[in-house]
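Coordinate analysis (summary)
The lines below spell out each chain.
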Amino acid sequence: MSRIGKKPITIPNGVDVKIEDNIITVKGPKGELKQSFDSELKINIENNELVVERPSDEKRHKAMHGLVRTLIANMVIGVTEGYKKELEIIGTGYRAAKNGKKLALTLGLSHPLELEDPEGIQVEVPAPTSIIITGIDKQKVGQYAAKIRKYREPEPYKGKGIRYVGEQVRRKVGKTGK
């Protein structure tokens, strides 16, 4: 049996969970998230705890059991605490700026990049070399951070590029002369 799937999800005070058919709605102080899940899995609320049960030990049911439980737990954490990703920009002339709802990146390309903020995500630029992405949906926050990082991934020789705060970049030794 899935160890993750067996764990009950504690519903904190101020969070409202509604289950209609296979659609779960989680409302909290930071917002509301809605997601549909496999209708074969049973989702029950007992004593302020949410429990996910699977109908059989089929391979597909086993795979979905832990996944659904984790996605619901991420929704509960998102509406109470929220999620945050921090990026740092390293390199001469590389910088970021915020223009209204657009993020302007200067990354040594022939033109500056302007990215529109996705719905439900807040982007802050406290310094020209740091970007903070916050939101209630873990998947959207991570996807947007990965999209920004993809424009200039850290390279192994000088370490220039966009990286997550605390990320270790494996460095390589450059060419040597005779």
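The structure under discussion appears in the preceding block.
Report on the accompanying structure. (Residues numbered from 1 in each chain as written. Predicted model: local features only at pLDDT ≥ 70, side-chain atom pairs only at ≥ 80, totals over all residues. Heavy atoms only, no water.)

1. Quick look at the overall build of the protein
If you tally the helices and strands in the protein, you get three helices and 13 strands. Projected onto the principal axes, the alpha-carbon positions of the protein cover approximately 70 × 45 × 25 Å. Expressed as a percentage of its 178 residues, the buried residues of the protein come to 37%. Of all intrachain contacts in the protein linking residues separated by at least 6 positions in sequence, the fraction that spans at least 24 positions is 50%. Total accessible area on the protein is roughly 11,300 Å²; 48% of this is exposed by carbon and sulfur atoms. Within the protein, one finds 33 positive and 23 negative side-chain charges whose respective centroids are separated by 11 Å. (Helix = DSSP H or I, 4+ residues; strand = E, 2+ residues; numbered from the N terminus. Buried < 20%, exposed > 50% of the residue type's maximum accessible area, 1.4 Å probe, protein only. Contact = heavy atoms within 4.5 Å. Areas by Shrake-Rupley, 256 points an atom, 1.4 Å probe, with all protein chains shown as cover. Lys, Arg positive; Asp, Glu negative; His and termini not counted. Charge placed at Lys NZ, Arg CZ, Asp CG, Glu CD.)

2. A short note on the nonpolar core
Ile-24, Val-26, Leu-50 and Ile-72 are the most contacted members of the largest nonpolar core, which has 20 residues in total. Elements supplying a minimum of two residues to this core: strand E3 (23–28), strand E6 (49–53) and helix H2 (59–80). The leading source of residues in this core is H2, at seven residues. The residues contacting Leu-50, other than those within four sequence positions of it, are Pro-8, Ile-9, Ile-11, Val-17, Ile-43, Asn-44, Ile-45 and Ile-72. With 19 residues, the next largest nonpolar core counts Leu-115, Ile-121, Val-123 and Ile-148 among its residues. (Core = buried A, V, L, I, M, F, W, Y, C linked by side-chain atoms within 4.5 Å.)

3. Some words on the sheet that holds strand E4 (residues 31–36)
Reading across the sheet, the three strands line up as E2-E3-E4 and stay open at both edges, with antiparallel pairing between neighbours. Lying at the two open borders of the sheet, with one neighbouring strand each, are strand E2 (16–20) and E4. Strand after strand, the sheet turns through a mean of 15° between neighbouring axes, direction not considered. As paired strands, E2 and E3 are joined by five bridges and run antiparallel to one another. Across the sheet, the residue bridging to Asp-16 is Lys-27, located in E3. (Pairing = 2+ DSSP bridges. Axes fitted to C-alpha atoms, helices over the stretch in contact; angles between N-to-C directions.)

Function cannot be inferred from these measures alone, as they are strictly geometric.
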